[in-house]
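Each chain is listed here by its residues.
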Amino acid sequence: MTRIRRPALQPLSIALMLGLSTAAWSQSAPSSPSAAPATPPASPAAKSPARAAPPASKDNADSPTQLDRVEVQGTSRDDDQRRASTASKIVIGREEIERYGDATIGEVLKRLPGVTTGGRPGRGGEIRMRGMGGGYTQILVNGERMPPGFSLDELPPEQIERIEVMRAPTAEFGARAIAGTINVVLREALQRRLNEVRLASTFERDHVTPHLSWTRNDKLDDGGAYNLTVNAMQHKRVDDIESFSVTRLFDPASGALQRQTLLQTLGQTRDERKSLNLTGRLQLRLDGGDTLAFQPFVMVNRGSGSSAAAQTQSPDLPAGDFERIKYDAYATDTTSRAAMARLNVQWNRRLGEHTRMETRIGAGRMTMDSASHREEDLSNSGLPFYRLQDDTTHSRDTQWSLNWKLTHQMDNEHSLVAGVEGEGTQRDQTRGCTEVDGRTLLSDNCAYLADFGDNVSASTRRLAVYAQDEWSLGKQWGFYAGLRWEAIQTDSSNNQGPVKNTSRVLTPLLHAVYKIDEKSREQIRASLTRSYKAPNLNDVIGRLSINSQYTCHPPDVVCGPNLINYPDRLGNPELKPELATGVEIGYEKYLSKGGLLSANFFYRRITDLIRSQAVLEPVPYSPVPRYVIRPRNIGNAKTYGVELEAKFRLDEYLADALPINVRSNLSLFDSSVDGIPGPDNRLDQQPRYTANLGADYRLRSIPLTLGASLNYTPSTLLQQSAQVLNEIDKKRVIDVSAMWTFSPAVAVRVAASNLLPLTYGNGSIATTPGRVVTSESTGRSFTVWTVRLELKV
């Protein structure tokens, strides 16, 4: 039976988190962060509407790491940038990125208030703010959107300078951020010499994978600087396949159970991937204070995978019953290759004492090639195989961008910014499909897909114009007002004819901050914004994908019926953008010797919500209607929540405690979708809460730093539609790390992610007239061990 149930709150976890936050609110608790390096010159692409943070001392940046304990009083540079911003923002610098030795960006971000990841525990995955999946979080790299198919998990933490998390949209960064924006800033060229090598090995389920990273930074004679970071990685993963579904048929008149069928699948998947990443920055100083920067970004990866499973159905169904399984074993082999190259050029020119112009030009291309071979077998059929299918896909995405921004600082504390943005993406995709039927040994080109075409050509063009003003009123009030107009047009063509989708959105944006005291140690923030989510390219042009359980088999070129839990997939060119009105209210208290207490409330009202739902509809490749899952505008929704955060040092509360740096947060969410029955009619993937507790401590007597963290997300019930109820399993991830510093130039770090691993899975109940299908898919998760040698040459 499925484990679907209503999730109960975990009292112990909530009490622990609230206890830490309450204790922090009741006292002033300074922390003692290590000395931060000098503030690098911020890339304009990485700026938010904020005043410049006070720079740290250059002497601190050039001094090597000391083995003796040093007490530093004051706040960190990351918190200074957060405090100086008018719009609510969280900044994670190099020190925080490296704290636990994480292997992916998702593992770094999961510890922040309100951030969750979509993959298995310890594996990273899709990054979501406020628990909202499906593209509500805007992901940028150096202020730019990456091409379709790019994943942040492909970007190792060693290549990142800082991460900026903006809870509310701004005119400069764009309003396609209903949940928020995460801007990843790559390593910058600093005015100092750095030559760093990192050698690491990762261990998971008896598989050892190497990792090499090299970073070179130096200054040039003319005052410029350069940075080059190279990463080579290898991943090997083995996962178990364990799923079942129970189908119950009922008499429509009496409701009596007529038949119950169990379908169970057991198997294993293997995945191996090798990747090489390169990022760099060459920054030149020109006459008159102008600067010119070149930033290349190259990514190459190769992968291979396989999966094999056997499925059993009990009791056996009679021949001709469309629910009878077509095969009882399958094996699939896949190979893939991907390469991306991008170059950004940034020119900053001083037009006057208070006026600057910034021009950014970017161009890039990403190619992806994949091939798969699938073989299905049926026992006692007397056939060498039941069906073979070979698929090859070649995709090429070409992208360009042009951004122009003018900044003018007025004498009356007003900072004016205006800009124009243009962006284009062209996708050309070709597919080859060959199918062989084991009964007739006849081969064809997947005839049931002929009407939809193997080749797709699509383009997306975006134009945006924005203006914003940021100003101060006295020493305690700061205001921000922005207006952004944006238009996006998607065009594509295939055998079904041309497809066109256009959206235009005007978004006003207002932010304010009130400093309760003039030193900004306590402040209140408020935002009133308009944001939106545009349909992505795959939602609009997504090609037909026939479910493999109920596919079409030659010589038949039409398909029979399928079930709601085995739907086909297709895009929807009629999609409209989602629009959201948002409110943010926050309180922050910066402690006198470091540390932070904060509480933030958010609310979003969403119209024209997009959700992928399976609906029974007529299709041209079958004489009977089939269930097809495609994105659809289904109505309105709302979501709201509160995010609590406390960072402090333990000995500031307990006199006899060790000087342990404690970080804790608790985020509570709720949402409802109109037109779907409650009480579980929530937004996709959104849990009811998420909690984090972390601590790190540097021993006094030996050069050893210890760290540990706990991340918890409860199981969640989600009413996907009136017919389908989904369950997402809980996540409990325990990470520990230890770093031994032999000298300022040599250190060794040992880290473990996902200690005490849990089985993770998802389930669903689908109810249609006369039929109830209960499904569950589970798999073990594993502890990932990492050993890393860090050298400064």
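Every chain is numbered on its own, with residues counted from 1 as its sequence reads. In keeping with the predicted nature of the model, local features appear solely for residues at pLDDT of at least 70, side-chain atom pairs appear and are counted solely at 80 or more, and the whole-chain, interface and lining totals rest on all residues. Heavy atoms throughout the structure, all of them, feed into the side-chain values; hydrogens and water do not.

### Concerning the overall build of the protein chain
The helix and strand labels rest on DSSP assignments: H or I over at least four residues marks a helix, E over at least two residues marks a strand, and numbering proceeds from the N terminus. A count of helices and strands for the protein chain gives six helices and 34 strands. Burial classification: accessible surface area is computed with a 1.4 Å probe over protein chains only, and a residue below 20% of its type maximum counts as buried, one above 50% as exposed, and the rest as partly exposed. The buried share of the protein chain, taken over its 793 residues, is 54%. We call two residues contacting when some pair of their heavy atoms lies within 4.5 Å. Across the protein chain, every contact between residues at least 6 apart in sequence was considered, and the portion connecting residues at least 24 apart equals 70%.

### Considering the packing of aromatic side chains
Pairs were defined over the aromatic rings of Phe, Tyr and Trp, the Trp ring being its six-membered one, requiring ring centres within 6.5 Å. Orientation was assigned from the angle between planes: stacked under 30 degrees, edge-to-face over 60, tilted for the rest. This structure, assessed with the given rule, holds seven aromatic pairs. For the pair Tyr327 and Tyr330, a centre-to-centre distance of 6.3 Å together with 90° between the ring planes defines the contact as edge-to-face. We classify Tyr330 as buried; its relative accessible area is 17%. Relative to Phe669, the ring of Phe602 has its centre 6.3 Å away and its plane inclined at 55°; by these criteria the two rings are tilted.

### Section: a nonpolar patch on the surface
Judged by side-chain polarity, Trp404, Val420, Leu463, Val465, Leu483, Trp485 and Leu506 come together as a nonpolar surface patch covering roughly 590 Å² of accessible area. Counting residues per element, the ones that place at least two in the nonpolar patch are β17 (456-473) and β18 (477-494). As for its placement among the helices and strands, Trp485 is situated in strand β18. The exposure class of Trp485 is partly exposed, given its relative accessible area of 33%. Only residues whose relative accessible area exceeds 30% and that take part in no salt bridge are eligible for patches, with like-charged residues grouped when within 9 Å of each other and nonpolar side chains (Val, Leu, Ile, Met, Phe, Trp, Tyr) grouped when within 5 Å. Method for areas: the Shrake-Rupley scheme with a 1.4 Å probe, in which residue coverage is limited to the protein chains shown. We define a salt bridge as a contact between a side-chain nitrogen of Lys or Arg and a carboxyl oxygen of Asp or Glu at a distance within 4 Å.

### Describing the pattern of salt bridges
A complete count under the given rule lists 64 salt bridges for this structure. Where Glu144 meets Arg360, a salt bridge forms, and the shortest distance between an N and an O atom there is 3.0 Å. Taken together, the residues Glu144 in the loop between β4 (137-141) and β5 (160-166) and Arg360 in strand β13 (residues 355-377) connect sequence positions 216 residues apart. Look at Arg360 and you get buried, because its relative accessible area is 14%. Between Asp397 and Arg427 there is a salt bridge; the shortest N-O distance is 3.1 Å. On the criterion of sequence distance, the pair formed by Asp397 in strand β14 (residues 387-409) and Arg427 in strand β15 (residues 415-437) is long-range, its members being 30 residues apart. Pair check on accessibility: Asp397 and Arg427 agree, each one buried. If you follow the salt bridges from partner to partner, you end up with Glu144, Glu172, Arg342, Glu358, Arg360 and Lys405 in one network.

### What to know about empty space enclosed by the protein
In this analysis, the protein atoms alone were mapped onto a 1 Å grid. Cavities are point sets where a 1.4 Å probe fits without being able to get out; pockets are open sets with protein on both sides within 12 Å along at least five of seven lines; lining residues have an atom within 4 Å of a point. Grid points are joined across faces, edges and corners, and a volume is the space filled by probe spheres set on the points. What the rule picks out here adds up to 14 cavities of 30 Å³ or more. In this structure, the second largest cavity occupies an estimated 430 Å³ of space. As for the second largest cavity, its lining consists of 32 residues, and the residues nearest its centre are Ala103, Thr202, His235, Val784 and Thr786. Among the elements of the structure, β7 (194-204), β8 (207-219), β9 (225-250), β30 (731-743), β31 (746-755) and β34 (784-792) are those that each provide at least two residues to the lining of the second largest cavity. With five residues, β9 is the single largest residue contributor to the lining of the second largest cavity. Across the lining of the second largest cavity, the residue classes break down as eleven nonpolar, eleven polar and ten charged. The classification used treats Ala, Val, Leu, Ile, Met, Phe, Trp, Tyr, Cys and Pro as nonpolar, Asp, Glu, Lys and Arg as charged, and all other residues, Gly among them, as polar.

### Here's the deal with the side chain of Asn572
Secondary-structure assignment places Asn572 in the loop between β21 (568-569) and β22 (578-590). Filtering out sequence-adjacent residues up to four positions away, Asn572 remains in contact with Asp539, Val540, Arg630, Pro631 and Arg632.

### Structural notes on the side chain of Gln399
Relative to the helices and strands, Gln399 is located in strand β14. The term polar contact refers here to a pair of N or O atoms within 3.5 Å; inside protein, the definition further demands a hydrogen-donor-capable atom paired with an acceptor-capable atom, and it admits residues adjacent in sequence only when both atoms are side-chain atoms. There is a polar contact of 3.2 Å between the side chain of Gln399 and the side chain of Arg342. Non-local contacts of Gln399, meaning those with residues more than four positions away in its chain, are made with Arg145, Met146, Pro147, Arg342, Gly362, Ala363, Gly364, Glu423, Gly424 and Thr425.

### Some details on unusual backbone geometry
Of note, the amide linkage connecting Ser314 to Pro315 takes the cis form, showing an omega dihedral of -5°. Counting through the fold element by element, Pro315 comes out in the loop between β11 (291-314) and β12 (329-350). Here Asp608, not a glycine, exhibits a phi torsion of approximately 55°, which is positive. Examined against the element boundaries, Asp608 turns out to sit in strand β23 (residues 596-617). Not every positive phi belongs to a glycine, and Asn754 is a case in point at roughly 70°. Tracing the backbone shows Asn754 in strand β31.

### Considering helix α3 (residues 77-84)
In terms of residue burial, α3 counts as a mostly covered element, since seven of its eight residues are buried. Along α3, the positions that sit buried rather than exposed are Arg77, Asp78, Asp79, Asp80, Gln81, Arg82 and Arg83. Against β1 (89-92), β5, β20 (522-533), β22, β23 and β24 (626-649) lie the buried residues of α3.

### Some points on the sheet that holds β5
For two strands to be treated as a pair, DSSP must find no fewer than two bridges joining them. Pairing in this open sheet of four strands is mixed, and the strands run β1-β5-β6-β4 from one edge to the other. The open sheet is flanked by β1 and β4, the only strands paired with a single partner. The sheet shows a mean angle of 15° between the axes of neighbouring strands, taken without regard to direction. Bridging between β4 and strand β6 (residues 180-186) involves five bridges; their strand directions are parallel. Across the sheet, Ile139 pairs through a bridge with Ile182, a residue of β6. Lines fitted to the C-alpha atoms define the axes, with helices restricted to the stretch that makes contact. Angles between their N-to-C directions range from 0 to 180 degrees. Across the sheet, α3 is in contact with β1 and β5; its angle to β1 comes to roughly 160°.

### Describing the nonpolar core
Definition used in this section: a nonpolar core is a set of buried Ala, Val, Leu, Ile, Met, Phe, Trp, Tyr and Cys residues joined via side-chain atoms within 4.5 Å. In terms of nonpolar packing, the biggest core is built from 36 residues, with Ile105, Leu109, Ile163 and Val165 touching the most fellow members. Put simply, the parts of the chain that give this core at least two residues each are β1, α5 (105-109), β3 (127-129), β5, β6, β11 and β23. With residues near it in sequence (within four places) discarded, Ile105 still touches Ile127, Leu152, Leu155, Pro157, Ile160, Ile163 and Val184. In this structure, Leu597, Ala646, Ile660 and Tyr697 belong to the second largest nonpolar core, which totals eight residues.

### A short note on the pairing of β5
By the criterion of burial, β5 is predominantly enclosed, with seven of the seven residues buried. In the sheet, β1 pairs with β5 via four bridges, with the strands oriented antiparallel. Paired with Ile90 across the strands is Val165, a residue of β5. Pairing geometry for β5 and β6, over six bridges, is antiparallel. Each residue of the ladder has a partner; that of Val165, found in β6, is Ile182.

### Quick word on the environment of Leu416
Examined against the element boundaries, Leu416 turns out to sit in strand β15. The exposure class of Leu416 is partly exposed, given its relative accessible area of 31%. Along the backbone, Leu416 and Ala481 are 65 residues apart, and their C-alpha atoms lie at a distance of 9.9 Å. Leu416 has contacts with Leu406, Thr407, His408, Met410, Gln468 and Asp469, leaving out every residue within four places of it along the chain.

### Examining the confidence of the model for the protein chain
For every residue, the predictor assigns a confidence score, pLDDT, that lies between 0 and 100. Residues at a pLDDT of 70 or more form 86% of the protein chain, whose mean pLDDT is 84. Considering only residues more than four positions removed or in separate chains, one finds that residues 1-75, a stretch of pLDDT under 50, has 191 contacts.

### Regarding the environment of Gly586
Position of Gly586 among the secondary structure elements: in strand β22. Sequence-wise, Gly586 and Val642 are 56 residues apart; in three dimensions their C-alpha atoms are separated by 9.2 Å. Contact partners of Gly586, with chain neighbours within four places excluded, come to Gln523, Ile524, Arg525, Ala599 and Asn600.

### What about the environment of Asp79?
Residue position: Asp79 is located in helix α3. With relative accessibility at 7%, the residue Asp79 sits in the buried group. Along the backbone, Asp79 and Gly93 are 14 residues apart, and their C-alpha atoms lie at a distance of 9.8 Å. Aside from chain neighbours lying at most four places away, what touches Asp79 is Tyr590 and Lys647.

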